[in-house]
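Coordinate analysis (summary)
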Amino acid sequence: GTGTPQLILRDYGFGALPGTVKLGGVPLTNVTWGDVNVTATIPAGAQTGDLVVTRGDNGNANRVAVTVTVGGPAPIQVPLGGSIQAAIDAAAPGSLILVPPGTYNELLVMYKSVKLQGWGAGSTIIDANKTMPALLTDWYTKVNGLIAASTIDLIPGQTGFSNLEEGPGIIVLAKNGDFGPADPARIDGFTITGATKAGAILVNAYANNLQISNNRIQDSSGNFGGGIRIGQPFISNGGGGFVYVDAFNDDIRIHRNQVNKNGTKSQAGGGIAIYTGSDRYRVTENFVCGNFSAAD
């Protein structure tokens, strides 16, 4: 009746009836099923892929999975409560960086072809809220230092980043040729929230084959893209006009993300914005809902 609280009951367990566990579409073996815990064995020959659990009672699978890496060198472990940026700075290209559960108030600069791996979108949270002034100061110091040292390459005609696109949750910068198909860079298993001006994830240029997967991108805003933004809408020509320039972000994969409640103030793409020079991209199996663009 009137005044009675309305409740939606949600079951976050696995259910009592055994279901299936698959890694990259391949069923795992020796599955022991419980409502709270499920264990299984990765069979010989298994490859890196999404870990998907499907309940036996209703056939529902986890909408946002997590990527499990099979093989390769030993990963870098971020200490519990430690700095993700410090791990990126110390990592060699190609490294797998495991980020444990917790909330990290950081503005990350991913300038190497590494694999950032959270424990799952419900556990590992990047809070890009600029509550501490030093966060933005440190971000500018890091980005401008990389530009000055030619550690990364900008788009032809691009000179840097204005206050219209400062401090996204994660900015991906690259040297031309450093990102490639042999061992793709990855952002996987995070909630990224609270970003302003430049959105949750900003991929600038030369980030070929980057994978953005199994993340919860929410409650962020930007001037040219609120949630996930690939490339630049335009570059100033120095005379008060703008030109469209190839940003060389080819073969990017965006899959199994929840992109919710993000917004942009100009241009299109409140949830996902893909700009010039993003050839052969694939956006698949994402849940995109409740995003807003003031321009389009």
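First, a word on what this report is: a plain description of the structure on this page. (Residues numbered from 1 in each chain as written. Predicted model: local features only at pLDDT ≥ 70, side-chain atom pairs only at ≥ 80, totals over all residues. Heavy atoms only, no water.)

Some thoughts on the overall build of the protein
Broken down by element type, the protein carries 2 helices and 29 strands. Relative to its length of 296 residues, the protein is compact, with a C-alpha radius of gyration of 20 Å against a globular reference of 19 Å. For the protein, the spread of C-alpha atoms along the principal axes amounts to about 65 × 60 × 35 Å. For the protein, the proportion of its 296 residues judged to be buried stands at 47%. In the protein, of all internal contacts separated by at least 6 residues, the share reaching a separation of at least 24 is 67%. Distance between charge centres in the protein, computed from 19 positive and 21 negative side chains, equals 3 Å. (Helix = DSSP H or I, 4+ residues; strand = E, 2+ residues; numbered from the N terminus. Rg over C-alpha atoms; globule rule 2.2 N^0.38 Å. Buried < 20%, exposed > 50% of the residue type's maximum accessible area, 1.4 Å probe, protein only. Contact = heavy atoms within 4.5 Å. Lys, Arg positive; Asp, Glu negative; His and termini not counted. Charge placed at Lys NZ, Arg CZ, Asp CG, Glu CD.)

Concerning the pattern of salt bridges
Inspection of the entire model under this criterion finds 11 salt bridges. One salt bridge in this structure joins K115 and D183, with 3.0 Å as the shortest N-O distance. With a gap of 68 residues between them, K115 in strand β11 (residues 115–118) and D183 in the loop between β13 (170–172) and β14 (186–188) connect regions that are remote in the sequence. Taking relative accessible area as the criterion, K115 reaches 6% and is therefore assigned buried. Given a relative accessible area of 39%, D183 falls into the partly exposed group. Between E285 and R256 there is a salt bridge whose closest N-O contact spans 3.8 Å. (Salt bridge = Lys/Arg side-chain N within 4 Å of Asp/Glu carboxyl O.)

Section: the environment of D89
With respect to the element layout, D89 can be found in helix α1 (residues 84–90). When its relative accessible area of 31% is taken as the criterion, D89 is described as partly exposed. Ignoring any residue separated from it by four or fewer positions in sequence, one finds D89 in contact with Y111, K112 and K142. Here the side chain of D89 touches K142 through a polar contact of 3.0 Å, side chain to side chain. (Polar contact = N/O pair within 3.5 Å; in protein donor to acceptor, adjacent residues only side chain to side chain.)

A closer look at the sheet that holds strand β16 (residues 201–203)
The strands making up a sheet associate through hydrogen bonds between their backbones, and the pairing can be parallel or antiparallel. The sheet built from 5 strands is open, its strands ordered β10-β13-β16-β20-β26 with parallel pairing. Looking along the sheet, the strands with just one partner apiece sit at the ends: β10 (108–110) and β26 (272–274). Neighbour to neighbour, the strand axes of the sheet diverge by 10° on average, direction disregarded. The pairing of β13 with β16 spans 3 bridges and is parallel. Each residue of the ladder has a partner; that of V172, found in β16, is V203. (Pairing = 2+ DSSP bridges. Axes fitted to C-alpha atoms, helices over the stretch in contact; angles between N-to-C directions.)

Some points on the environment of N249
Here N249 is to be found in the loop between β22 (242–243) and β23 (253–255). Distance from N249 to T32, taken between C-alpha atoms, is 42 Å for residues 217 residues apart in sequence. Those residues in contact with N249 that lie beyond four places of it in its chain are V203, N204, A205, Y206, A207, N208, I230, G231, G277, S278 and D279. A distance of 3.1 Å separates a polar atom in the side chain of N249 from the backbone oxygen of N204. A polar side-chain atom of N249 sits 3.1 Å from the main-chain amide nitrogen of A207.

Quick notes on the side chain of T264
Among the secondary structure elements, T264 is positioned in strand β25 (residues 263–264). Exposure remark for T264: the relative accessible area of 3% places this residue in the buried category. At 3.2 Å, the side chain of T264 and the backbone oxygen of G222 are in polar contact. A distance of 3.2 Å separates a polar side-chain atom of T264 from the backbone nitrogen of G225.

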